[in-house]
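This is what each chain is made of:
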Amino acid sequence: MSVQNEFSKHANEYNSYNIIQQIVAKSLVRDIQKQPKRMLELGCGSGQIFKHINWDVDFYKAIDFSHSMCELHPKASNVEVNCYNFDTPEFIDAIKNDRYDLVLSASALQWSKDLDKIIGTLAKITPEVNAVLFTSNTFKTIQKISQKPSPILDIESIKSAFSNHFECEFEIFNYNLEFDNKKDLFDYIKKSGVSGGKSLSFKDAKKLYKAYDLNYLEFEVIFIKAFSIS
């Protein structure tokens, strides 16, 4: 199953399972120093960032590759919600002539197949990007047991893509999310969207279920504040 299909499949349940995503989205908005009037958000989901913005905005463009997620995002006269895969030429063409005070993205850009190209495009349309991405160290124990590499970008790739186009500040945080039982833990993996649609065979999944002896899941995120290079 593709990443896009994974998010669409669980769109209506997403707000019940994206606990870490909600935490980092709230933190991302809280750290905004000014009150930008024109904003672009990449990977808007069902609106977890937008719902935390408590000042007047002239224009807000929200983009996600899941039609189901876009349907759930709040609508308003000053809000434009578009369904694009941000790795495609169609997305680049759609924003290349725009101008924004700030670009935001939470828990989305780690899925990019060409993050450097996206960040290079953003550098032409905004002086500032605030983003948070999961890193490949998320679910690291699961990766070790299953011997399956993470589908998510590693820290160095993320840092390199941003630093090639902006002056950056980076902060890395680790979270452990605890569960009452193993079933709930594995349900979270399937429905939170963090697995990216990478499914194991029945045999490998059964082996992982037996071998995973932690009562929590591991997450690593990198917060990025990126400013135009002077």
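For the structure itself, consult the block above.
What you see is a predicted model; the values in this text were computed from it and never measured. (Residues numbered from 1 in each chain as written. Predicted model: local features only at pLDDT ≥ 70, side-chain atom pairs only at ≥ 80, totals over all residues. Heavy atoms only, no water.)

### Considerations on the packing of aromatic side chains
This model, assessed by the stated rule, comprises 8 aromatic pairs. An angle of 65° between the planes, with centres 5.4 Å apart, marks the rings of F139 and F219 as edge-to-face. Linking F139 in the loop between β5 (128-134) and α7 (140-146) with F219 in strand β7 (residues 216-228), this pair joins segments that are 80 residues apart in sequence. As far as burial versus exposure is concerned, F139 and F219 are alike and both buried. Among the aromatic residues, ring-to-ring pairing joins F134, F139, F179, Y188 and F219 into one connected group. In this structure, K182 packs its charged tip against the face of Y209, placed 5.2 Å from the ring centre. (Phe/Tyr/Trp six-rings, centres within 6.5 Å; stacked < 30°, edge-to-face > 60°. Helix = DSSP H or I, 4+ residues; strand = E, 2+ residues; numbered from the N terminus. Buried < 20%, exposed > 50% of the residue type's maximum accessible area, 1.4 Å probe, protein only. Lys NZ or Arg CZ within 6 Å of the ring centre and 35° of its normal.)

### Side note on the pairing of strand β4 (residues 102-106)
Of all 5 residues making up β4, 5 are buried, and the element is well covered by its neighbours. Side-chain alternation along β4 places L102, L104 and A106 on one buried face and V103 and S105 on a second face that is also buried. Pairing of strand β1 (residues 38-42) with β4, which is carried by 4 bridges, proceeds in the parallel orientation. By the bridge assignment, E41 is partnered in β4 with L104. Note: β4 against β5, 4 bridges, orientation parallel. Residue pairing for β5: A106 is matched across the bridge by V132. (Pairing = 2+ DSSP bridges.)

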